[in-house]
Amino acid sequence: MNCDKCAATIVAGDERIHQNQTFCEDCYMVALSPLKTCDPWAVHSAKNFERLAGDKKQLTPLQAEILEKLKVHGAMEPVTLLAKLGVNMQLADLQRDFSILRHMEKVGAEKQGGTILWRLWA
Ligand SMILES: [Zn+2]
């Protein structure tokens, strides 16, 4: 008897049946535990966290707050962010700080439909 996958000879009694196929021991193990797909999101989060934790001191309190809000609430429209920050300032001022953060590669903007969303740098 031969393995359906690698064609190795299987000693009678050692064959493994998986999804109607006969496998040798090795191929059976592989079939049962498919290669783990990498998890880019986990890597990404860790990186982001380092970045945020690493140089928070270089940011103004407002800039740190912008990052914090985007981190907690996810992408949002500029006006929504302004409301969440609860600060008395113009959107144009917020945009200035946002563009500073963008140059530092901490935030980004994306277009969804007709709206611009601000989000953490991805
Ligand atoms: Zn095999």
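The following paragraphs examine the structure supplied in this document. A quick note: this is a predicted structure, and the numbers were derived from the prediction, not measured.

Within the protein, the atoms that donate to the zinc ion are Cys3 (SG), Cys6 (SG), Cys24 (SG) and Cys27 (SG), at distances of 2.3 Å. Seen from the zinc ion, its four donor atoms lie at angles of 107 to 119°, and the figure they make is tetrahedral. The sequence pattern describing where the donors of the zinc ion fall on their chain is C-x2-C-x17-C-x2-C. Under the relative-accessibility criterion, Cys3 is labelled buried at 4%. For Cys6, a relative accessible area of 42% gives the class partly exposed.

Ranked by internal contacts, the top residues of the largest apolar core, which has 17 residues, are Ile66, Leu70, Leu81 and Leu94. Within the residue set of this core, elements represented by two or more residues are helix H3 (61-73), helix H4 (78-85), helix H5 (91-103) and strand S4 (115-120). In terms of residue count, the dominant contributor to this core is H3 (five residues). Once you skip the residues sitting within four places of it in the chain, Leu81 turns out to touch Ile66, Lys69, Leu70, Met76, Leu94 and Trp118. If you look at the next biggest cluster of nonpolar residues, it comprises five residues, including Ile10, Phe23, Cys24 and Cys27.

You can see Gln63 is positioned in helix H3. With relative accessibility at 5%, the residue Gln63 sits in the buried group. A distance of 2.9 Å separates polar atoms of two side chains, one belonging to Gln63 and the other to Asp97. The contacts of Gln63, once residues within four sequence positions are left out, are Asp97, Ile100 and Leu101.

Let us now look at the side chain of Asp97. Note that Asp97 resides in helix H5. For Asp97, which is buried and forms no salt bridge, the nearest opposite charge comes from Arg96, at a distance of 4.2 Å. Other than its neighbours up to four places away in sequence, Asp97 contacts Thr60, Leu62, Gln63, Ile66 and Met89.

Definitions and limits used
- Note that residues are indexed from 1 along each chain, following the sequence as it is written.
- Owing to the predicted nature of the model, reporting of local features is limited to residues with pLDDT of at least 70; listing and counting of side-chain atom pairs is limited to 80 or more, with chain, interface and lining totals taken over all residues.
- Values reported for side chains reflect all heavy atoms of the structure, with hydrogen atoms and water molecules removed beforehand.
- The rule for donors is simple: an N, O or S atom within 2.8 Å of the metal counts, and for Na, K and Ca the reach is 3.2 Å. Water is not among the atoms, so a site may look short of donors.
- A four-donor site is classed as tetrahedral when every donor-metal-donor angle falls between 85 and 135 degrees; four donors are called square planar, and six octahedral, when trans pairs exceed 155 degrees and all remaining angles lie between 65 and 115, with any other arrangement labelled irregular.
- Throughout this description, buried means an accessible area under 20% of the type-specific maximum (1.4 Å probe, protein chains only), exposed means over 50%, and partly exposed covers the range between.
- The nonpolar core is taken to be a set of buried Ala, Val, Leu, Ile, Met, Phe, Trp, Tyr and Cys residues, with the residues joined through side-chain atoms within 4.5 Å.
- By the criteria applied, helices consist of DSSP H or I runs no shorter than four residues and strands consist of E runs no shorter than two, each listed in order from the N terminus.
- The contact criterion used throughout is that any non-hydrogen atoms of two residues lie within 4.5 Å.
- Whenever a nitrogen or oxygen atom comes within 3.5 Å of another N or O atom, the pair is scored as a polar contact, on the condition that within protein one atom can donate a hydrogen and the other can accept it, and that pairs from neighbouring residues in sequence are kept only if both atoms are in side chains.
- Residues counted as positive are Lys and Arg, residues counted as negative are Asp and Glu, and His and the chain ends are not counted.
- Just to be clear on terms, a salt bridge is a Lys or Arg side-chain nitrogen sitting within 4 Å of an Asp or Glu carboxyl oxygen.

Limitation: the analysis is restricted to geometry and does not speak to function.
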